[in-house]
Amino acid sequence: MELNRRGLLQVSMGGLVVGCTAAPSGSSLDGPPLVPIRARTDRIMDVSVCLRPFRPAGPRIETERLGDMLVVHNYGHGGSGWSLSWGSSAKAIQLALQPGPREVAVIGCGALGLTSAVLAQRAGLRVTIYAREQLPLTTSAHATGEWTPDSRVADARAAAANFGIVWEEMARSAFKLHRDYLGLPGTPVEWVDQYSVSDAGQTGAAASSSVARPAVDFVHYGRRIRDLTPRWREVPIGATPFKGSSAARSEIMVFNIAGYAHTLMNDFLIAGGQYRRVDFRAPAQIAALGHKVVIDCTGLGAKALWKDETLVPIRGQLQRLIPQPDVRYGLVYRHILTVPRSDGLIVQSFAGGEMEGYGETNETPDRAEADQAVRTLAEAFRPGV
Ligand SMILES: Cc1cc2nc3c(=O)[nH]c(=O)nc-3n(C[C@H](O)[C@H](O)[C@H](O)COP(=O)(O)OP(=O)(O)OC[C@H]3O[C@@H](n4cnc5c(N)ncnc54)[C@H](O)[C@@H]3O)c2cc1C
């Protein structure tokens, strides 16, 4: 995301550049004063690294026969797995229902496995999840937790001609199902204000000149679903605790990952679902379980299990500050994004642009990077506020 100043404020979100409505007259925000984030390195309670499961062609949602067993693949969602989860899983369930099964197995217990399992139960099937790890240990547990349905989801040069249409169907149906989790105990899903602050003199062009040009032409489909999310509007900077030259505000859907995962797992178990811990080394082990229909939600694990060499890991690191419940807004400042989740205030650096971490498998957290990200965030606030 970048902020440019060309007459009107402009905001670029994943390639989508949208005009920003000018600031209202007056010098106050409509709402309570914003509490500054306590951006101190000694408040970092966790630094985690995970690998996004990226496929240049986009997620694999298709069937394969293994003897008597129908395998429905549902993996490879890059940086959009939580966002697209329900929509992608709905497509996988449609394929799984075709032979008329009464029960299915789901392999994997991340965002895609859990949403596939819950949707299969809603379709009246008995469901067993088999997975090496449950959600607190999966990639899905280490996501930022924002509605980002077109984040690193496909390479425009490798995706099928109709992928944009398929993506839009998934995004729209996922959006509706996420909405059903608003207002529930544990706040699995919520909407929060998000501010974007620019420094005087730091134009979007200057900010992006240090970012390497991507070697992958990541698709950007924001315009297709523009009607789903609010616009950015300029707000009076003096009414905020930020020290930049201008600020804009929008609203964003946030997934409180811990609460969302807990809710989905509980819903699955309450509906009679079974969970078995298994580490499959080969498809033959899955076939030996005797299920007629299997939904494969193994994320990056599909590279080894199904020999899908098109899967590319994209490394990402998150810092979590101790939760600050009075901070109810997200912030984009320079190359830093923050998300006020209930399980910690997420701080993420985008200094390297979309290609950052592409092809990297190193999952060791970089503490120096974490400290630098938090120090940059601290600079967003006026001294003494
Ligand atoms: C830093 C970062 C930030 C992100 N932020 C966001 C965001 O804000 N919004 C968003 O929508 N997405 C985001 N993502 C992307 C998102 O996290 C992934 O797309 C998503 O987690 C993929 O989910 P999954 O269920 O396919 O895979 P996983 O969560 O990896 O789950 C795979 C499951 O399969 C099991 N498995 C794999 N192989 C085997 C095997 N051989 N035998 C048995 N079990 C197996 C695993 O144990 C696990 O249970 C982010 C990713 C990263 C890294």
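A brief structural summary. (Residues numbered from 1 in each chain as written. Predicted model: local features only at pLDDT ≥ 70, side-chain atom pairs only at ≥ 80, totals over all residues. Heavy atoms only, no water.)

1. A look at the packing of aromatic side chains
Then comes step 1: Taken as a whole and assessed by the stated rule, the structure comprises 16 aromatic pairs.
Then comes step 2: When the centroid spacing of 6.1 Å and the interplanar angle of 50° are considered together, the rings of Phe163 and Tyr221 count as tilted. Of this pair, Phe163 sits in helix 3 (residues 163-179) while Tyr221 sits in the loop between helix 4 (204-209) and strand 10 (233-235), and the two are 58 residues apart along the sequence.
Then comes step 3: Overall, Tyr221 belongs to the buried group, its relative accessible area being 14%.
Then comes step 4: Judged by centre distance (5.5 Å) and plane angle (55°), the ring pair of Phe242 and Phe381 falls under tilted. In this pair, Phe242 sits in the loop between strand 10 and strand 11 (246-255) while Phe381 sits in the segment after helix 8 (367-378), placing the two residues 139 residues apart along the sequence.
Then comes step 5: Looking at Phe242, the relative accessible area reads 1%, which means it is buried.
Then comes step 6: One aromatic cluster in this structure is built from Trp82, Trp86, Tyr181, Phe255 and Tyr260. (Phe/Tyr/Trp six-rings, centres within 6.5 Å; stacked < 30°, edge-to-face > 60°. Helix = DSSP H or I, 4+ residues; strand = E, 2+ residues; numbered from the N terminus. Buried < 20%, exposed > 50% of the residue type's maximum accessible area, 1.4 Å probe, protein only.)

2. So, the site of the ligand
Then comes step 1: The environment of the ligand is made up of 35 residues, and the closest members are Gly78, Ser83, Cys109, Glu133 and Ser140.
Then comes step 2: Between Gly79 and the ligand, the recorded distance is 3.1 Å, taken from a backbone N or O atom to a nitrogen atom.
Then comes step 3: If the ligand stood free it would expose 1,000 Å²; the protein chains cover 97% of that surface.
Then comes step 4: Grouping the constituent residues of the shell around the ligand by class yields twelve nonpolar, 18 polar and five charged.
Then comes step 5: Of the residues that make up the shell around the ligand, three or more belong to each of domain 1 (2-52 + 193-255 + 313-378) and domain 2 (56-181 + 257-303). (Near = heavy atom within 4 Å. Polar contact = N/O pair within 3.5 Å; in protein donor to acceptor, adjacent residues only side chain to side chain. Areas by Shrake-Rupley, 256 points an atom, 1.4 Å probe, with all protein chains shown as cover. Nonpolar A, V, L, I, M, F, W, Y, C, P; charged D, E, K, R; others polar. Domains from an automatic or database assignment.)

3. Thoughts on the sheet that holds strand 13 (residues 293-296)
Then comes step 1: Strand order in the open sheet formed by six strands is 5-6-13-7-8-12, with mixed pairing between adjacent strands. Two strands in the sheet have a free side with no partner beyond their single neighbour: strand 5 (60-66) and strand 12 (274-277). Pairs of neighbouring strands in the sheet enclose a mean axial angle of 20°, with direction left out of account.
Then comes step 2: Judged from the three bridges that link them, strand 7 (residues 103-107) and strand 13 form a sheet pairing that is parallel. Note that in strand 13 the partner of Ala105 across the bridge is Val294. (Pairing = 2+ DSSP bridges. Axes fitted to C-alpha atoms, helices over the stretch in contact; angles between N-to-C directions.)

4. Description of the pattern of salt bridges
Then comes step 1: For the structure shown, the criterion picks out 21 salt bridges.
Then comes step 2: One salt bridge connects Asp46 with Arg320, and the closest N-O pair in it is separated by 3.2 Å. Of this pair, Asp46 sits in strand 4 (residues 44-54) while Arg320 is found in strand 14 (residues 312-321), placing the two residues 274 residues apart along the sequence.
Then comes step 3: Its relative accessible area of 23% is what places Arg320 among the partly exposed residues.
Then comes step 4: Salt bridges here are not isolated pairs; linked through shared partners, they connect Arg132, Glu133, Asp279 and Arg281. (Salt bridge = Lys/Arg side-chain N within 4 Å of Asp/Glu carboxyl O.)

5. Quick look at the layout of surface pockets
Then comes step 1: Within this model, the second largest pocket holds a volume of roughly 310 Å³.
Then comes step 2: Taken together, 20 residues form the lining of the second largest pocket, with Leu135, Pro136, Ala141, Ile257 and Ala258 sitting closest to its centre.
Then comes step 3: Taken domain by domain, the makeup of the lining of the second largest pocket includes at least three residues from each of domain 1 (2-52 + 193-255 + 313-378) and domain 2 (56-181 + 257-303). (1 Å grid on protein atoms, 1.4 Å probe; cavity = no way out; pocket = protein on both sides within 12 Å on 5 of 7 lines; lining within 4 Å. Points joined across faces, edges and corners; volume = space filled by probe spheres on them.)

6. A word on the nonpolar core
The nonpolar side chains of soluble globular proteins are, as a tendency, buried together.
Then comes step 1: If you look at the biggest cluster of nonpolar residues, it comprises 53 residues, and the most contacted ones within it are Trp86, Ile129, Trp147 and Ile295.
Then comes step 2: Of the residues that make up this core, three or more belong to each of domain 1 (2-52 + 193-255 + 313-378) and domain 2 (56-181 + 257-303).
Then comes step 3: Not counting residues up to four positions away in its chain, the partners in contact with Trp147 are Ser83, Ala171, Ala174, Phe175, His178, Ile225, Leu228, Thr229, Ile252, Met253 and Phe255.
Then comes step 4: Counting 26 residues, the second-largest nonpolar core is a separate cluster that includes Tyr195, Leu321, Val327 and Ile336. (Core = buried A, V, L, I, M, F, W, Y, C linked by side-chain atoms within 4.5 Å. Contact = heavy atoms within 4.5 Å.)

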